[in-house]
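# Examination of the molecular architecture
Spelled out, the chains give:
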Amino acid sequence: MKLATRINSFLPHFDNDVAKVLADFHRIGLTHVDFNYPEHVAGIPAEQMRQVLADCELSCNGVALRFRGDFYLNGELGNADSQVAQAALDLCKEACDYCRAVGGHVVTIWLGFDGFDYSFQINYNKVWEQQKRAFQQICDYAPDLQISIEYKPFEERSYAFIDSFGTVFSMIQDVNRPNLGATLDFCHMLMKHDNPAMAADILGARGKLYGIHLNDGYGRKDDGLMIGTANLSKTLEFLYYVKKHDYQNAIYFDTFPIREQGIKEAERNVRMITRLDQIIDELGIQALDELVAQNDGLNCSDIILKVIS
């Protein structure tokens, strides 16, 4: 498996120096890195970052857009101000260039400020068409890269515009580009009351599952708990479909250690996903397929009994 983790969980303990953070990643079983763009790489040329990764025996999975500051508070690609929307589009293209130069292949776009807080605040179809055109331009600008939409139902806005599996799937279909897919964040799906496994199966079967942010939580907010600690059966089912569809990109631990030490928390995530992967192998993909095909709720209990016995 290709494994990465959230750099921001470590930065305060390593003098906010990305290079120092990466130096310890390989030791705990991580193989890949996802950079927030531009915050993690500001002032670090791609050639220099490639060398840092090589020295740490790591590879770049990709970059994730971060639209920071008051400039984007009222939206990014869907902003009603054409200058702001263009700046967001330009930043996405810059991220594509950096991703390619540093050896990555996935550009993840989460539009946390594209949304609304009040009724009558936005023209929904206008924003949809504006976002669609922007995604088309990004995909056409970087046809060699995977452009991946990450959804979240709320936070930063009360209502995010791309807020669910159904919405992101519809946008992928509407944009109609071969290199556009989705990143599934486990906590975000729980917040929307989406079923993570369903999304992984449908996207995976169509070759559109480009990213996985694995964590856990209780569905009311983005808890970012260690994987498998709150929803073990859902996590196991999710990973079964991820494995069934031969997902090849990195699995990114998007967890938020606050009272826990970051390195030790990441080690627990590595141990948990390694064990869950072993369990799926022990049960067997074909055997699980056959159980699912029986459409029998009692089988679900049998699977969990096998896991804990």
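Below is a summary of the structure that appears in this document.

Reading the values: rules and limits
- Residues numbered from 1 in each chain as written.
- Predicted model: local features only at pLDDT ≥ 70, side-chain atom pairs only at ≥ 80, totals over all residues.
- Heavy atoms only, no water.
- Salt bridge = Lys/Arg side-chain N within 4 Å of Asp/Glu carboxyl O.
- Buried < 20%, exposed > 50% of the residue type's maximum accessible area, 1.4 Å probe, protein only.
- Phe/Tyr/Trp six-rings, centres within 6.5 Å; stacked < 30°, edge-to-face > 60°.
- Helix = DSSP H or I, 4+ residues; strand = E, 2+ residues; numbered from the N terminus.
- Pairing = 2+ DSSP bridges.
- Right-handed = clockwise from strand over helix to strand, strands pointing away.
- Patch = residues over 30% accessible without salt bridge, like charges linked within 9 Å, V, L, I, M, F, W, Y side chains within 5 Å.
- Areas by Shrake-Rupley, 256 points an atom, 1.4 Å probe, with all protein chains shown as cover.
- Core = buried A, V, L, I, M, F, W, Y, C linked by side-chain atoms within 4.5 Å.
- Contact = heavy atoms within 4.5 Å.
- Axes fitted to C-alpha atoms, helices over the stretch in contact; angles between N-to-C directions.
- Parallel < 35°, antiparallel > 145°, perpendicular 65-115°, else oblique.
- Nonpolar A, V, L, I, M, F, W, Y, C, P; charged D, E, K, R; others polar.

## Considering the pattern of salt bridges
In this structure the tally under the stated criterion is 18 salt bridges. With a closest N to O distance of 2.9 Å, K20 and D15 form a salt bridge. A relative accessible area of 40% places K20 in the partly exposed class. Measuring nitrogen to oxygen at the nearest pair gives 2.8 Å for the salt bridge that ties D140 to R177.

## A closer look at the packing of aromatic side chains
The tally for this structure, following the rule as stated, stands at 10 aromatic pairs. Centroid distance F165 to F169: 5.7 Å. Interplanar angle 35 degrees. Geometry classified as tilted. Of the two residues, F165 and F169 are both situated in helix α5 (residues 165–175); the distance of 4 residues between them amounts to about one turn of the helix. Note on F186 and F238: the rings are 5.7 Å apart at their centroids and 70 degrees apart in plane angle, and the pair reads as edge-to-face. Taken together, the residues span a long stretch of sequence, with F186 in helix α6 (residues 186–192) and F238 in helix α8 (residues 232–244) at a distance of 52 residues. This pair shows no difference in class: F186 is buried, exactly as F238 is. Counting every residue linked through ring pairs, the aromatic cluster contains F67, F71 and Y72.

## Notes on the pairing of strand β3 (residues 59–65)
Taking burial as the measure, the 7 residues of β3 include 6 buried ones, the bulk of the element. As defined by bridge partners, strand β2 (residues 32–37) adjoins β3 across 6 bridges and the pair is classed as parallel. Directly across from D34, in β3, lies its bridge partner G62. Between β2 and its parallel partner β3, the chain crosses via helix α2 (residues 46–55), and the hand of that crossover is right-handed. Pairing of β3 with strand β4 (residues 106–110) involves 3 bridges; the strand directions are parallel. Each residue of the ladder has a partner; that of G62, found in β4, is V106.

## Some thoughts on a nonpolar patch on the surface
There is a patch of nonpolar side chains on the surface, built from I304, L305 and I308 and spanning about 270 Å² of accessible area. Among the structural elements, I308 can be located in helix α11 (residues 297–308). Relative accessible area serves as the criterion here: at 59%, I308 is assigned to the exposed category.

## Some thoughts on the nonpolar core
Membership of the largest hydrophobic core comes to 93 residues, with the highest contact counts inside it found for L22, F35, V107, F135 and F238. Looking at this core, the element that brings in the most residues is helix α3 (residues 82–102), giving 10 residues. Not counting the four nearest positions on each side in its chain, F35 is found in contact with I7, V18, L22, H40, V41, M49, L53, C60, G62, V63 and A64.

## Here we look at the packing of helix α7 (residues 196–205) against α8
For any two helices packed against each other, one specifies the inter-axial angle together with the distance between the axes. The interhelical angle for the contact between α7 and α8, taken along N-to-C directions, is 5 degrees, at an axis separation of 8 Å. Between α7 and α8, the crossing angle belongs to the class labelled roughly parallel. Only E237, F238, Y241 and V242 of α8 make contact with α7, whose side of the interface consists of P196, A197, A200 and D201. The class makeup of the residues in the contact of α7 with α8 is 6 nonpolar, no polar and 2 charged.

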